[in-house]
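Here's the letter readout for the chains.
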Amino acid sequence: MATSETTSREEPAKSVKPSAAKKASPKPSVRRTDDDEDELPSVIGGRYLAAAIIIGLTVVIPNSPLGNILEPRDPPGTDTNAWQVGQKSELILTLVTADANALTCASPQAFEGKHCAFKTESEPWPHEAGAPMDDNKANTIQPYRTWLDNKLVLVSGVWAQPSLAMRVHDEPPGNLAPDKLARFTAKCKVHWAGK
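Residues numbered from 1 in each chain as written. Predicted model: local features only at pLDDT ≥ 70, side-chain atom pairs only at ≥ 80, totals over all residues. Heavy atoms only, no water.

1. Notes on a nonpolar patch on the surface
Together, Leu49, Ile53 and Leu57 make up an exposed nonpolar region whose accessible area comes to about 260 Å². Along the chain, the position of leucine 49 falls in helix H1 (residues 47–60). (Patch = residues over 30% accessible without salt bridge, like charges linked within 9 Å, V, L, I, M, F, W, Y side chains within 5 Å. Areas by Shrake-Rupley, 256 points an atom, 1.4 Å probe, with all protein chains shown as cover. Salt bridge = Lys/Arg side-chain N within 4 Å of Asp/Glu carboxyl O. Helix = DSSP H or I, 4+ residues; strand = E, 2+ residues; numbered from the N terminus.)

Set out below in structure tokens:
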């Protein structure tokens, strides 16, 4: 009689006679030895191998010379030597649509008909009688930063360009906080009117 590890009351054993149809056949017990261990299948294969290769390539390629070839290059920095009065050059400005109404400056000086929004810190630039309303700020100077090297520059007429005027129309700055608006760059050809 076999006993289990749990505590239970023992019952007397009953004798059972095997019937003619059923004869008890003893089952041979099989013991495994260390020599008979089956080989485990390799875990790295198929999909796991493909995933490991993809992850490996995403780590290795960006840090290799191949990654430098595939990655687009940044434009060169702003050449401030070309910022001479009377000269023309290109600028890349970093903008958000909130800049159209938020950025202003104050100066009593005008350059070729272009001026700041304010004559002094508290006095707005006077509107000329009979002149059309300048709602796209074609003649208003505003401060901007150049892209990549963050140089301060005063530029007029940025929002008068049709593509930027449509962007202000499509993405009105009053709907979102300025830090939630998408920052973009604008490549401008400028004429340096003054210093």
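What follows continues from the structure just given.
2. Looking at the nonpolar core
Grouped together as the largest cluster of nonpolar side chains are 15 residues, with contacts concentrated most on Leu93, Leu95, Val155, Val158 and Trp159. At the level of secondary structure, the elements contributing two or more residues to this core comprise strand E1 (88–95), strand E3 (152–156) and strand E4 (184–191). Looking at which element gives the most residues to this core, the answer is E4, with 4 residues. Setting aside residues no more than four positions away along its own chain, tryptophan 159 makes contact with Leu95, Val96, Thr97, Asp99, Ala100, Asn136, Gln142, Tyr144, Leu164, Ala165, Val168 and Phe184. (Core = buried A, V, L, I, M, F, W, Y, C linked by side-chain atoms within 4.5 Å. Buried < 20%, exposed > 50% of the residue type's maximum accessible area, 1.4 Å probe, protein only. Contact = heavy atoms within 4.5 Å.)

3. Topic: the side chain of threonine 146
Inspection of the secondary structure assignment puts threonine 146 in strand E2 (residues 141–146). Of the polar contacts made by the side chain of threonine 146, one reaches the backbone nitrogen of lysine 151; its length is 2.9 Å. Those residues within four positions of threonine 146 in sequence are excluded, and the remaining contacts are Thr78, Trp83, Leu91, Ile92, Leu93, Thr94, Lys151 and Val153. (Polar contact = N/O pair within 3.5 Å; in protein donor to acceptor, adjacent residues only side chain to side chain.)

That is the geometry; function is a separate question.
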